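Examining the three-dimensional arrangement
Below, each chain spelled out in residue letters.
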Amino acid sequence: MAGLDDVFGDLFSNVDGVALFSPSGSYYERFADLEDVEVIVVGTENDVGASTFVELPLEFEDISDRIRFGLEGALDQEIIDDGDTLACATSVFGDDIDTVSRVRADADNHTGIYDLFARSRADPEVVKSVLELAIELGQKGQKGKPVGALFVVGDAGKVMNKSRPLSYNPFEKSHVHVGDPIVDVMLKEFSRLDGAFVISDAGKIVSAYRYLEPSAEGVDIPKGLGARHMAGGAITRDTNAISIVLSESDGLVRAFKAGEIILEVDPEAY
Ligand SMILES: Nc1ncnc2c1ncn2[C@@H]1O[C@H](COP(=O)(O)OP(=O)(O)OP(=O)(O)O)[C@@H](O)[C@H]1O
Ligand SMILES: [Mn+2]
């Protein structure tokens, strides 16, 4: 099998580092004695107590999203340099690591998936909570029926200025935050209603029922998507908010930042 080692060995020869995605403790330990190899652990939790760690907001089902998040995070945290080549080891089929990808960290080829969480106006935990809520809503729907929803997160003052109420605001005088289980139930209940939810940087629900009126000029959203996605994308170009949109028609959750679509996830995969 020496021949195969030569061929597959190219995948990890001369790499600048190894990124282990959610390794088990025993897997991680096997790297401890290797010399001259920088080991970066990427995962939703640092179970193995690695000293170099990039936290994932969720275990991205899409492998390229998972790897991009890890590399963009490692670049941002200055763990690796632009142009470094990494062997990224992750699991595709089961719980154990079964796949190695050789990937070059290219700062110019920046998807913004890490920035969406770590470099948005809103608190990363707030972005994560809203994304989880949208995924859950996509899985369950409202009383079994598919439901759509639009969450605009961060820079709430400006978002309020670029929108108008469709109805009375049920959150008018309340001081409630996303992530609170009762609030999550309320948000799911109100998702039947028209318009957008506006959420502050700190996660306070500022309003429901907002009709967004951003200028949609020059905003590029995937073909086939309608007014909800157009408004959700455009508001993130006119303000420093990000938006998370659940589509009633195709069931996918999409995130927008700076007028661009950054992430697309299928709730059924979680
Ligand atoms: N500018 C807007 N601001 C807030 N909500 C909006 C806006 N435009 C549309 N919506 C909401 O989106 C809903 C669906 O509109 P539409 O079908 O055109 O969007 P879509 O992008 O195709 O979304 P979906 O994939 O869920 O159908 C509307 O009923 C309304 O509640
Ligand atoms: Mn539609």
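Calculation rules
Residues numbered from 1 in each chain as written. Chains lettered and ligands numbered in written order. Predicted model: local features only at pLDDT ≥ 70, side-chain atom pairs only at ≥ 80, totals over all residues. Heavy atoms only, no water. Near = heavy atom within 4 Å. Polar contact = N/O pair within 3.5 Å; in protein donor to acceptor, adjacent residues only side chain to side chain. Areas by Shrake-Rupley, 256 points an atom, 1.4 Å probe, with all protein chains shown as cover. 1 Å grid on protein atoms, 1.4 Å probe; cavity = no way out; pocket = protein on both sides within 12 Å on 5 of 7 lines; lining within 4 Å. Sits in = over half its atoms within 2 Å of the grid points. Helix = DSSP H or I, 4+ residues; strand = E, 2+ residues; numbered from the N terminus. Nonpolar A, V, L, I, M, F, W, Y, C, P; charged D, E, K, R; others polar. Domains from an automatic or database assignment. Contact = heavy atoms within 4.5 Å. Buried area = accessible area lost by both parts, 1.4 Å probe. Buried < 20%, exposed > 50% of the residue type's maximum accessible area, 1.4 Å probe, protein only. Salt bridge = Lys/Arg side-chain N within 4 Å of Asp/Glu carboxyl O.

**With respect to the site of ligand 1**
Near ligand 1 you find 15 residues, and of these D194, H229, S247, E248 and S249 are the closest. Within the backbone of G195, a nitrogen or oxygen atom sits 3.1 Å from an oxygen atom of ligand 1. In the environment of ligand 1, an oxygen atom lies 3.0 Å from a nitrogen or oxygen atom belonging to the backbone of A227. The fraction of the free accessible surface of ligand 1 (620 Å²) that becomes covered by protein chains is 77%. Taken atom by atom, the bulk of ligand 1 overlaps the largest pocket. Only β9 (205–212) and α8 (227–238) provide two or more residues apiece to the shell around ligand 1. Here the element with the most residues in the shell around ligand 1 is α8; it accounts for four residues. For the shell around ligand 1, the residue count by class is six nonpolar, five polar and four charged.

**As for the domain arrangement of the protein**
Looking at the assigned domains, one finds that the protein contains domain 1 (4–112) and domain 2 (120–269). Computed over C-alpha atoms, the centres of domain 1 and domain 2 are 31 Å apart. With seven residues of domain 1 at the contact, the number on the domain 2 side is eight residues. In this assembly, domain 1 packs against domain 2 so that about 590 Å² is buried in total across both faces, 64% of it on carbon and sulfur atoms. Its largest share of buried area at the contact with domain 2, domain 1 owes to P57, L58 and E61, together 50% of the area lost on that side. Here domain 1 is connected to domain 2 by zero residue pairs in polar contact (both at pLDDT 80 or more). Considering only residue class, the side of domain 1 that touches domain 2 consists of three nonpolar, two polar and two charged.

**Observations regarding the side chain of T239**
The topology assignment puts T239 in the loop between α8 and β10 (242–246). Taking the relative accessible area as the measure of exposure, T239 reaches 4% and is therefore buried. Engagement of the side chain of T239 in a polar contact is seen with the backbone oxygen of I235, the distance being 2.6 Å. Only 3.1 Å separates the side chain of T239 from the backbone nitrogen of A241, close enough to count as a polar contact. Apart from residues lying up to four places away in sequence, T239 is in contact with D155, K158, V159 and K162.

**Observations regarding the pattern of salt bridges**
Throughout the structure, instances matching the rule amount to twelve salt bridges. Across the pair R121 and D155 runs a salt bridge, and its minimum N-O distance is 3.5 Å. One end of the pair, R121, is in the loop between α4 (113–118) and α5 (124–140); the other, D155, is in the loop between β6 (149–153) and α6 (156–161), and 34 residues separate them in sequence. Assessed through its relative accessible area of 44%, R121 is described here as partly exposed. Taking relative accessible area as the criterion, D155 reaches 8% and is therefore assigned buried. Taken together, the shared-partner salt bridges connect R121, D155 and D201 into one network.

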